[in-house]
Amino acid sequence: MGERGDGPRGKIRRMEFKDVIRRRRMVRHYADRPLSPEVIERILASALRAPSAGFSQGWAFLALTEPADRARFWPFVPTRVAQTPTMQLAPLVVIPLAHKAAYLARYAQPDKGWEDQAEARWPVPYWHIDTGMASLMMLLSAVDEGLSACFFGIMPQQGPDFDAVTEVPAHTDALRAAFGIPAEYVPIGGICIGYRADDAPAQGSHVAQRRRGTAEVIHRGQWGVHAS
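Residues numbered from 1 in each chain as written. Predicted model: local features only at pLDDT ≥ 70, side-chain atom pairs only at ≥ 80, totals over all residues. Heavy atoms only, no water.

**Student:** If you had to explain the confidence of the model for the chain to someone new, which residues and values would you point to?
**Tutor:** The predicted model of the chain has a mean per-residue pLDDT of 85, with 84% of residues at 70 or higher. Confidence drops under pLDDT 50 across residues 1-12; counting only partners more than four residues distant or on other chains, this segment forms 30 contacts. In this model residues 159-166 is a low-confidence stretch, pLDDT under 50, and it forms 9 contacts with partners more than four residues away in sequence or in other chains. (pLDDT = per-residue confidence, 0-100. Contact = heavy atoms within 4.5 Å.)

In structure tokens form, the structure reads like this:
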């Protein structure tokens, strides 16, 4: 529940879940400060509590905790590094991986009733959705630990005129090769986690101005009806 630390008589201060939600935001500037192994393991383990269709659990997570491993990763997101180089100071990087085959195989089992593993049966790619949910669990757990986090894309490489984009997910082939990731696992992005830099810029007022309210995005009973 967050903001761990020594309170009165050694008690741990806790954060209400509503405050975890309220404080969650993407932070791109980090301090060069390590995380304890216990904190890292709690954050990683939280991903396993995410829901998954048919309890398929078609996900995996590559955790980069060693400086040399993180240094090998950052060249795969050069635009991200160029824009916010202090992201490289985050002591934990996680690459969430979606495993489509696990879902196709799970729903071909007798209790699900599908007789084949046709991808066309799926209305949306739940392997990506569920891996995204697991990623959010880690983002929230980071806040719960008094830390900051950011989810970012691993974008296709583009030509000089930004018109020669490689196929998706083929653009992650080099990343897979560098870290030994099997071809059937698709990186959906990256997560960096750590302590927010003391001199990190405050969230600008433009963010609050752009945030859409519930009266605008929640439709009640019929599309276009916003009043409760």
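**Student:** So what's going on with the pattern of salt bridges? Residues and values would help.
**Tutor:** Considering all chains together, one arrives at 5 salt bridges under this definition. Between Glu-145 and Arg-42 there is a salt bridge whose closest N-O contact spans 2.6 Å. Pair noted here: Glu-145 is in the loop between helix H6 (126-144) and strand E3 (148-152) and Arg-42 is in helix H2 (residues 37-46), with a separation of 103 residues, a long-range link. Take Glu-145: its relative accessible area is 9%, and that puts it in the buried class. Put simply, Arg-72 and Asp-69 hold a salt bridge, and the shortest N to O gap is 3.1 Å. Remark: Asp-69 and Arg-72 occur in helix H3 (residues 67-73); sequence separation between them is 3 residues, near one turn of the helix. Assessed through its relative accessible area of 38%, Arg-72 is described here as partly exposed. Its relative accessible area of 25% is what places Asp-69 among the partly exposed residues. (Salt bridge = Lys/Arg side-chain N within 4 Å of Asp/Glu carboxyl O. Helix = DSSP H or I, 4+ residues; strand = E, 2+ residues; numbered from the N terminus. Buried < 20%, exposed > 50% of the residue type's maximum accessible area, 1.4 Å probe, protein only.)

**Student:** Before we move on, can you summarise the pairing of strand E2 (residues 92-99) with the specific residues and values?
**Tutor:** Here E2 lies mainly inside the structure; 8 of its 8 residues are buried. Residues Leu-92, Val-94, Pro-96 and Ala-98 point to one face of E2 and Val-93, Ile-95, Leu-97 and His-99 to the other, with burial holding for every one of them. Pairing of strand E1 (residues 59-64) with E2, which is carried by 6 bridges, proceeds in the antiparallel orientation. Within the sheet, the bridge partner assigned to Trp-59 lies in E2 and is Ala-98. In the sheet, E2 pairs with strand E5 (residues 190-194) via 3 bridges, with the strands oriented antiparallel. Following the sheet pairing, Val-93 is matched in E5 by Cys-192. (Pairing = 2+ DSSP bridges.)

**Student:** Explain the packing of aromatic side chains to me, using residue names and the numbers behind them.
**Tutor:** Per the counting criterion, the structure on display carries 5 aromatic pairs. Aromatic side chains Phe-73 and Trp-74 sit 5.2 Å apart centroid to centroid with 65° between the ring planes, which places their arrangement in the edge-to-face category. The pair formed by Phe-73 and Trp-74 is uniform in burial state, with each residue classed as buried. Of the aromatic side chains, those joined through ring pairs into one cluster are Phe-73, Trp-74 and Phe-152. Geometry around Tyr-195 places Arg-33 over its ring, the cationic atom sitting 3.6 Å from the centre. (Phe/Tyr/Trp six-rings, centres within 6.5 Å; stacked < 30°, edge-to-face > 60°. Lys NZ or Arg CZ within 6 Å of the ring centre and 35° of its normal.)

**Student:** Give me a nonpolar patch on the surface: which residues, what numbers.
**Tutor:** Taken together, the side chains of Val-124, Tyr-126, Ile-129 and Met-133 present a nonpolar region at the surface, about 290 Å² in accessible area. Assignment of secondary structure puts Tyr-126 in helix H6. (Patch = residues over 30% accessible without salt bridge, like charges linked within 9 Å, V, L, I, M, F, W, Y side chains within 5 Å. Areas by Shrake-Rupley, 256 points an atom, 1.4 Å probe, with all protein chains shown as cover.)

**Student:** Mind laying out the side chain of Arg-80, listing which residues take part and the relevant values?
**Tutor:** Summarising the element assignment, Arg-80 is placed in helix H4 (residues 78-83). Within the buried core, Arg-80 has no salt-bridge partner, and the shortest N-O distance to an opposite charge, that of Asp-199, equals 15 Å. Here Arg-80 is in contact with Arg-28, Met-87 and Phe-152, once residues within four sequence places are set aside. (Lys, Arg positive; Asp, Glu negative; His and termini not counted.)

**Student:** Any details on the pairing of E5? Residues and values, ideally.
**Tutor:** Counting buried positions over the 5 residues of E5 gives 5, a clear majority of the element. Covered by surrounding structure in E5 are Gly-190, Cys-192 and Gly-194 together with Ile-191 and Ile-193, the residues of both alternating faces. Relative to E5, E3 is paired through 5 bridges, and the arrangement is antiparallel. The residue of E5 that forms the bridge with Ser-148 is Gly-194.

**Student:** So, the environment of Pro-37: which residues are in play, and what are the values?
**Tutor:** Within the element layout of this structure, Pro-37 appears in helix H2. Owing to a relative accessible area of 56%, Pro-37 belongs among the exposed residues under this scheme.

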